[in-house]
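As a plain string of letters, each chain reads:
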Amino acid sequence: MSGLADCQSLLRLLIARGDPQAIPLAENAIDQYLAITPASARGRGLCELQRDARDQHGAAVGVQRSFAETVDAYIARKLTEE
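Undergrad: Describe the environment of Glu48, listing the residues and the values that go with them.
TA: Mapped onto the elements, Glu48 comes out in helix H3 (residues 39-59). Under the relative-accessibility criterion, Glu48 is labelled partly exposed at 31%. As for Glu48 and Val61, which are separated by 13 residues in sequence, their C-alpha atoms are 22 Å apart. Beyond its immediate chain neighbours, meaning those up to four positions away, Glu48 contacts Leu4 and Gln8.

Undergrad: If you had to explain the packing of H3 against helix H4 (residues 62-81) to someone new, which residues and values would you point to?
TA: Between H3 and H4, whose axes approach to 9 Å, the crossing angle comes to 160°. In terms of orientation, H3 and H4 fall into the roughly antiparallel class. The interaxial crossing formed by H3 with H4 has left-handed handedness. Residue-level contacts link Gly43, Leu46, Cys47, Leu49, Gln50, Ala53, Arg54, His57 and Gly58 of H3 to Arg65, Ala68, Glu69, Val71, Asp72, Ile75, Ala76, Lys78 and Leu79 of H4. Among the residues forming the contact of H3 with H4, the class breakdown is nine nonpolar, four polar and five charged.

Undergrad: Account for the side chain of Asp72, naming residues and giving values.
TA: When you line up the elements, Asp72 lands in helix H4. Exposure remark for Asp72: the relative accessible area of 17% places this residue in the buried category. Residues in contact with Asp72, not counting those within four places in the same chain, are Gln50, Ala53 and Arg54.

Undergrad: Which residues make up H3, and what values do they have?
TA: For H3, with 21 residues, the first-to-last C-alpha span of 31 Å sits near the 30 Å given by 1.5 Å per residue. Inspection of H3 places Ala41, Gly45, Leu46, Leu49, Gln50, Asp52 and Ala53 among the buried residues, and these make up the whole buried set.

Calculation notes
- Residues numbered from 1 in each chain as written.
- Predicted model: local features only at pLDDT ≥ 70, side-chain atom pairs only at ≥ 80, totals over all residues.
- Heavy atoms only, no water.
- Helix = DSSP H or I, 4+ residues; strand = E, 2+ residues; numbered from the N terminus.
- Buried < 20%, exposed > 50% of the residue type's maximum accessible area, 1.4 Å probe, protein only.
- Contact = heavy atoms within 4.5 Å.
- Axes fitted to C-alpha atoms, helices over the stretch in contact; angles between N-to-C directions.
- Parallel < 35°, antiparallel > 145°, perpendicular 65-115°, else oblique.
- Left-handed = near helix turned anticlockwise from the far one by under 90°.
- Nonpolar A, V, L, I, M, F, W, Y, C, P; charged D, E, K, R; others polar.
- Expected span 1.5 Å × (residues − 1).

Here is the structure:
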């Protein structure tokens, strides 16, 4: 499950920075997580990532909040594809 932990750590860091130019990095991290995770575990992992992004959203302000919303929306889109 280190793939999930690595992805979660990176997403937290990117959300904390809130740099809109880093959105492709966040999307890439999620895509890489999905690529290395067995299909049976992807949904649970995505839900955990989404829950964490929502927690970050609740504690964030300004650009961090917007970044967290973008990450949440991307994960939601990936969940519908699973």
